[in-house]
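Architecture at a glance
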Amino acid sequence: MFSSLRGFFGRWLRRLWWALDFSRRVVLNLLLLAFVVGGLVFWATSGPARLQENTALVLNLKGALVEQFSGGLRDSLMSQVQGRDEAQVRLRDVLAVLDAAAKDDKITRVVLDLDGLSSAGLPMLREVAAALTRFKASGKPVIATGIEFTQRNYYLAAQANEVWLHPMGLVYFEGYGRVRNYYRAAFDKLGVMPNVLRVGKFKSYGETFSETGPSPEATEAEKLLFDALWADFSTSVETARKQPAGAVKAYVDQMPEKLAAAAGDPAQLALQSKWVDALKTPDEVRALLIERGALDEKTKSYRQVSFSEYAARLKPSTDGDAVGVIVAEGNIVDGEAGPGTVGGVSTAALVKKAREDDKVKAIVLRVNSPGGSAFASELVRRELELTRKAGKPVVVSMGNLAASGGYWISMAADEVIADPATVTGSIGVVALLPTAKAAMDKIGVNTDGYTTTWLAKAYDPRRGLDPRLAQMVQSGIDHAYVEFTRKAAAARKTTREKIDDVGQGRVWSGTQAQQRGLVDRTGSFGDAVAAARERAKLPADARVSYIERDKSRLAQWADALSAQAAMHLGARIDLSAALAALTPVPAAATEALQQDLAFVANVASRRKPFEALVHCLCEVPE
């Protein structure tokens with residue numbers, strides 16, 4: 001009796017478990033099916049709507065203007081939707097949108113909305129300005145409107161046919177330069193020795209740690225560079241606005257007196273100084289654009305399409321022979337690295353990939369890097385050298401920065417083209433070996449032990465620097481400098497002595513570099529592409545293909561789906577204003593301190609006994 005009862009309950013429980021398991025599988029499969037179908041439906045229905053006649057393209061650039069998204073397209077677009085500070089705008093997309101809009105009959109004007117543009121170097125701004133000029137050449141106007149115009153934003157606004165400023169706004173120029181922290185006095189108090197070894201009297205990379213202020217050589221080099229960039233900016237803006245030479249300088253120098261004369265109203269000062277054409281509130285801007293264009297009945301504003309919406313419509317060509325473009329942006333590091341950083345191994349692999357692609361007939365290396373590892377730089381340079389030996393032309397296009405290691409990777413090209421404002425050169429080598437023996441002594445901590453050779457623990461930040469190791473490191477960076485200058489001399493078809501004269505770690509503008517034989521000519525990214533086409537005997541309209549790491553089809557599908565969703569939402573939702581109120585703004589001093597000390601900690605924690613660095617420790621002047 002008990003046995004049959006137990007069997008009955010056993011069969012009942014097994015059937016119950018089977019039913020529950022079956023139900024679970026059905027529910028999960030239905031959810032998966034719903035997700036897939038939903039994704040496909042979204043993909044099919046979220047495409048761009050047809051543009052209507054008399055539509056304005058709103059070039060609402062938000063975030064930093066970059067050559068390459070850091071972290072990938074999906075991360076960048078999602079950060080824009082979420083209003084995070086790391087939002088980025090890719091230069092190639094801006095240029096493609098403006099050039100396509102110039103030929104689009106539905107687009108009748110461009111409205112520049114630049115309040116969200118947070119970072120951009122002068123070379124990149126010049127590329128966008130040239131694209132705006134091409135747009136205007138099609139007979140269509142450009143209107144710039146903003147709450148305020150900073151120096152970087154105004155460079156683009158000045159290209160417009162009309163500039164409208166908010167009545168409570170301002171136009172603010174501040175010039176170029178930088179102020180750095182110097183930690184030597186603090187390190188002395190703490191018992192820290194930075195132990196900076198270098199080759200090149202202008203190689204100021206380590207001065208922030210080893211000195212109490214800039215050296216005369218560093219000040220001399222920076223003065224020549226920043227004065228040249230300021231003259232470039234001033235002349236470009238004055239020409240665009242048809243202002244007399246010296247107008248920018250006068251505006252800055254006389255601002256206190258002129259602002260007082262304008263009753264403290266910076267918007268009126270900008271209008272009186274002819275930097276803007278009118279003062280208009282957002283509703284007045286909207287009404288005037290409706291009058292000049294067309295009313296969108298749905299939004300009750302002027303008929304418009306945003307930058308991201310229009311960019312989503314553009315599909316790159318994949319047919320025919322191409323010029324392959326490899327972007328080298330960010331610090332140069334050993335090994336593999338993702339977008340926004342130049343990995344020695346991963347970037348060299350991209351060059352090899354382009355060399356072995358039969359459809360790629362020439363390579364343009366687009367450089368925007370302050371340098372980094374000498375070894376990683378040489379890996380990339382060597383692959384480019386092999387590409388030239390294989391018969392494929394290589395042209396280097398320098399963006400904001402191509403200094404130190406950024407210049408190193410540019411030395412295996414048939415032609416080097418820099419923007420007039422590119423920061424380049426910095427041919428020098430430095431090593432940093434921080435130690436804190438005195439700090440350990442102050443707190444009564446001793447560090448000692450047995451090793452089979454003196455090299456086993458030759459560099460330990462807790463102990464003093466062994467003079468034998470210091471001698472080895474100095475010999476190593478001396479050799480790296482010789483190699484740097486030897487390769488530069490061979491690339492520039494000159495002598496090592498002449499390269500040394502303009503090297504020594506000194507930075508130059510693109511124009512100054514051309515005058516000293518470090519680059520072939522100044523020009524734009526488009527000039528570099530045209531040069532590559534000509535060298536490869538390609539037609540003038542041959543396509544451009546960006547060489548990037550291969551992704552699986554699933555990853556491509558996920559990225560594309562996320563991009564569509566981000567663009568779809570980004571065009572309708574702007575969370576940045578709401579999030580700005582919740583996000584504390586760090587003090588500049590705290591930010592600089594964190595970055596500098598993090599760099600020292602990173603150097604001290606490396607397992608290598610030392611590393612030759614070809615880095616300019618420079619930022620993009622803005």
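Anyway, here's the lowdown on the structure attached to this text. As the structure is a computational prediction, the values presented were derived from the model and not from experiment.

**Re the packing of aromatic side chains**
As enumerated under the stated definition, the model contains 14 aromatic pairs in all. Ring geometry for Trp-408 against Phe-484: centres 4.6 Å apart, planes inclined by 45°, an arrangement best described as tilted. Placement of the pair is Trp-408 in helix 16 (residues 405–408) and Phe-484 in helix 18 (residues 467–492), with a sequence separation of 76 residues. In this pair, the class of Trp-408 matches that of Phe-484, namely buried. Through a chain of ring-to-ring contacts, the aromatic side chains of Phe-149, Tyr-154, Tyr-155, Phe-173, Tyr-176, Trp-230, Phe-233, Tyr-251 and Trp-275 assemble into a single cluster. Here the guanidinium or amino end of Lys-280 rests over the ring plane of Trp-164, the centre of that ring lying 5.7 Å away. When the ring centre of Trp-454 is taken as reference, the NZ or CZ atom of Arg-468 above it lies at 4.2 Å.

**A word on a nonpolar patch on the surface**
A cluster of nonpolar side chains, Val-27, Leu-28 and Leu-31, forms an exposed patch at the surface whose accessible area comes to about 280 Å². For Leu-31, a relative accessible area of 54% translates into the label exposed.

**Some points on helix 14 (residues 344–355)**
Under the 1.5 Å per step criterion, the end-to-end length of helix 14 is 17 Å for 12 residues, consistent within 8% with the ideal 16 Å. The set of residues buried in helix 14 consists of Gly-344, Ser-346, Thr-347, Ala-348, Leu-350, Val-351, Ala-354 and Arg-355. Looking at the buried side of helix 14, the elements it contacts are strand 13 (322–329), strand 14 (332–333), strand 15 (342–343), strand 16 (360–369) and helix 15 (374–389).

**A closer look at the sheet that holds strand 12 (residues 304–306)**
The strand order across the open sheet built from 6 strands is 9-7-6-4-1-12, with neighbouring strands paired in parallel fashion. Each edge of the open sheet is held by one strand with a lone partner, namely strand 9 (278–279) and strand 12. The pairing of strand 1 (residues 55–60) with strand 4 (residues 107–113) spans 6 bridges and is classified as parallel. Across the sheet, the residue bridging to Val-58 is Val-111, located in strand 4. Relative to strand 1, helix 3 (residues 91–103) is tilted by about 165°, and along the sheet it contacts strand 1 and strand 4. On the sheet, helix 12 (residues 282–292) packs against strand 4, strand 6 (142–146), strand 7 (162–165) and strand 9 and is oriented at approximately 150° with respect to strand 7.

**Some details on the packing of helix 3 against helix 4 (residues 122–137)**
One can describe the packing of helix 3 onto helix 4 by two numbers: an axis separation of 8 Å at closest approach and a directional angle of 10°. Considering the angle they form, helix 3 stands roughly parallel to helix 4. Contacts from Leu-91, Val-94, Leu-95, Leu-98, Asp-99, Ala-101 and Ala-102 of helix 3 reach helix 4 at Met-124, Glu-127, Val-128, Ala-131, Leu-132, Arg-134 and Phe-135. A breakdown of the residues in the contact of helix 3 with helix 4 according to their chemical character gives 11 nonpolar, no polar and 3 charged.

**A short note on the environment of Gly-293**
Of note, Gly-293 is situated in the loop between helix 12 and strand 10 (295–296). Classification of Gly-293 as buried rests on a relative accessible area of 18%. Discounting chain neighbours no more than four positions away, the residues touching Gly-293 are Asn-54 and Arg-109.

**Let's talk about the pairing of strand 21 (residues 429–432)**
Burial along strand 21 is two-sided: the face carrying Val-429 and Ala-431 and the face carrying Val-430 and Leu-432 are both buried. Bridge analysis of strand 8 (residues 196–199) against strand 21 gives 4 bridges, and the strand direction is antiparallel. Each bridged residue has a counterpart across the sheet, and for Leu-197 the counterpart in strand 21 is Ala-431.

**Considering the environment of Ala-56**
Within the secondary structure, Ala-56 is located in strand 1. A relative accessible area of 4% means that Ala-56 is categorised as buried. Along the primary structure Ala-56 and Val-111 are separated by 55 residues, whereas in three dimensions their C-alpha atoms are 6.7 Å apart. Among all residues touching Ala-56, those that are not within four sequence positions of it are Arg-109, Val-111, Tyr-302, Arg-303, Gln-304 and Val-305.

**What about the side chain of Gln-504?**
Structurally, the position occupied by Gln-504 is in the loop between helix 19 (496–502) and strand 22 (507–509). At 3.0 Å, the side chain of Gln-504 forms a polar contact with the backbone nitrogen of Lys-201. Setting aside its immediate chain neighbours within four residues, Gln-504 contacts Gly-200, Lys-201, Phe-202, Lys-203, Ile-427 and Tyr-481.

**Side note on the sheet that holds strand 2 (residues 63–66)**
With respect to topology, 3 strands assemble into an open sheet ordered 3-2-5, the strand pairing being parallel. Because the sheet does not close on itself, it has two edges, and the strands there are strand 3 (88–90) and strand 5 (117–119). Strand-to-strand twist in this sheet, taken as the mean axis angle between neighbours without regard to direction, amounts to 45°. Here 2 bridges tie strand 2 to strand 5, and the two strands are oriented parallel to one another. Residue pairing in the sheet places Ala-64 in a bridge with Ser-119 of strand 5.

**Notes on the pattern of salt bridges**
Taken as a whole, this structure holds 31 salt bridges when the rule is applied. In this structure, the salt-bridge partner of Arg-486 is Glu-483, at a minimum N-O distance of 2.8 Å. Remark: Glu-483 and Arg-486 occur in helix 18; sequence separation between them is 3 residues, near one turn of the helix. Among the charged side chains, a salt-bridge network with shared partners connects Glu-378, Arg-381, Arg-382 and Glu-385.

**Points about unusual backbone geometry**
The backbone of Asn-195 sits at a positive phi, close to 50°, despite the residue not being glycine. Relative to the helices and strands, Asn-195 resides in the loop between helix 6 (184–190) and strand 8. Backbone geometry at Lys-242 places phi at a positive 55°, although glycine is not the residue there.

**So, the packing of helix 14 against helix 15**
Remark: helix 14 packs on helix 15, axes separated minimally by 8 Å, with the N-to-C direction vectors making an angle of 5°. In terms of their interaxial angle, helix 14 and helix 15 are classed as roughly parallel. Here Gly-344, Val-345, Thr-347, Ala-348, Val-351, Lys-352 and Arg-355 of helix 14 lie close against helix 15, whose contacting residues are Ala-376, Leu-379, Val-380, Glu-383, Leu-384, Leu-386 and Thr-387. Split by residue class, the contact of helix 14 with helix 15 holds 8 nonpolar, 3 polar and 3 charged.

The rules behind these values
- Residues numbered from 1 in each chain as written.
- Predicted model: local features only at pLDDT ≥ 70, side-chain atom pairs only at ≥ 80, totals over all residues.
- Heavy atoms only, no water.
- Phe/Tyr/Trp six-rings, centres within 6.5 Å; stacked < 30°, edge-to-face > 60°.
- Helix = DSSP H or I, 4+ residues; strand = E, 2+ residues; numbered from the N terminus.
- Buried < 20%, exposed > 50% of the residue type's maximum accessible area, 1.4 Å probe, protein only.
- Lys NZ or Arg CZ within 6 Å of the ring centre and 35° of its normal.
- Patch = residues over 30% accessible without salt bridge, like charges linked within 9 Å, V, L, I, M, F, W, Y side chains within 5 Å.
- Areas by Shrake-Rupley, 256 points an atom, 1.4 Å probe, with all protein chains shown as cover.
- Salt bridge = Lys/Arg side-chain N within 4 Å of Asp/Glu carboxyl O.
- Expected span 1.5 Å × (residues − 1).
- Contact = heavy atoms within 4.5 Å.
- Pairing = 2+ DSSP bridges.
- Axes fitted to C-alpha atoms, helices over the stretch in contact; angles between N-to-C directions.
- Parallel < 35°, antiparallel > 145°, perpendicular 65-115°, else oblique.
- Nonpolar A, V, L, I, M, F, W, Y, C, P; charged D, E, K, R; others polar.
- Polar contact = N/O pair within 3.5 Å; in protein donor to acceptor, adjacent residues only side chain to side chain.

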